[in-house]
Amino acid sequence: MPLEQIPVGTIPLPLLLLDGEARIVEANLKAQEALGRSNRQLAGKHLTEVFGPEGEVKRMLSRFDDRTDAVTDHAICDLRSGTPYSLHIGQHERGMTAIFVPEGNRAEAQEHAR
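I will try to describe carefully the structure that is included in this document.

Residue alternation in strand 1 (residues 15–18) divides its side chains into two sets, L15 and L17 and L16 and L18, and both sets are buried. Of the pairings in the sheet, the one linking strand 1 to strand 6 (residues 95–102) comprises four bridges and is antiparallel in character. By the bridge assignment for strand 6, L17 is matched with T97. As paired strands, strand 1 and strand 2 (residues 24–27) are joined by three bridges and run antiparallel to one another. Paired with L17 across the strands is E26, a residue of strand 2.

A cis geometry characterises the amide bond from G52 onward to P53, with omega recorded as -5°. Phi is positive for A22, which is not a glycine, with a value near 70°. Residue placement: A22 occurs in the loop between strand 1 and strand 2.

The next thing to look at is the sheet that holds strand 1. Spatially, the six strands line up as an open sheet ordered 2-1-6-5-4-3, and their pairing is antiparallel. Edge strands, defined here as strands with exactly one partner in the open sheet, are strand 2 and strand 3 (51–52). The strands that helix 3 (residues 54–62) touches are strand 3, strand 4 (70–78), strand 5 (84–92) and strand 6; relative to strand 4, the one it contacts most, it runs at about 170°.

About the criteria used
- Residues numbered from 1 in each chain as written.
- Predicted model: local features only at pLDDT ≥ 70, side-chain atom pairs only at ≥ 80, totals over all residues.
- Heavy atoms only, no water.
- Buried < 20%, exposed > 50% of the residue type's maximum accessible area, 1.4 Å probe, protein only.
- Helix = DSSP H or I, 4+ residues; strand = E, 2+ residues; numbered from the N terminus.
- Pairing = 2+ DSSP bridges.
- Contact = heavy atoms within 4.5 Å.
- Axes fitted to C-alpha atoms, helices over the stretch in contact; angles between N-to-C directions.

As structure tokens, this is what we get:
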């Protein structure tokens, strides 16, 4: 199913749809709740205006090329709250998707999987 046909609100993780320049086009409710900002407040912001450190986010974005489907970094944080996240960025036809998982949740999932 093409990404544009998937209702963003049904995805059970915080998800941001980004344009080709890494600016936020849409944030699902989970992302809005996690970041403490509405879709309207997030729309148009560059990914580096939401997550840091800026150099790390820029390095992630620079790793994309025609052969790269996705990149992941576990040393990212929300600039407002300082909450640490694993950030996963993938490509789609019109830009990118960014899924972010709080580090505490990732540790819980790993522990539960053992």
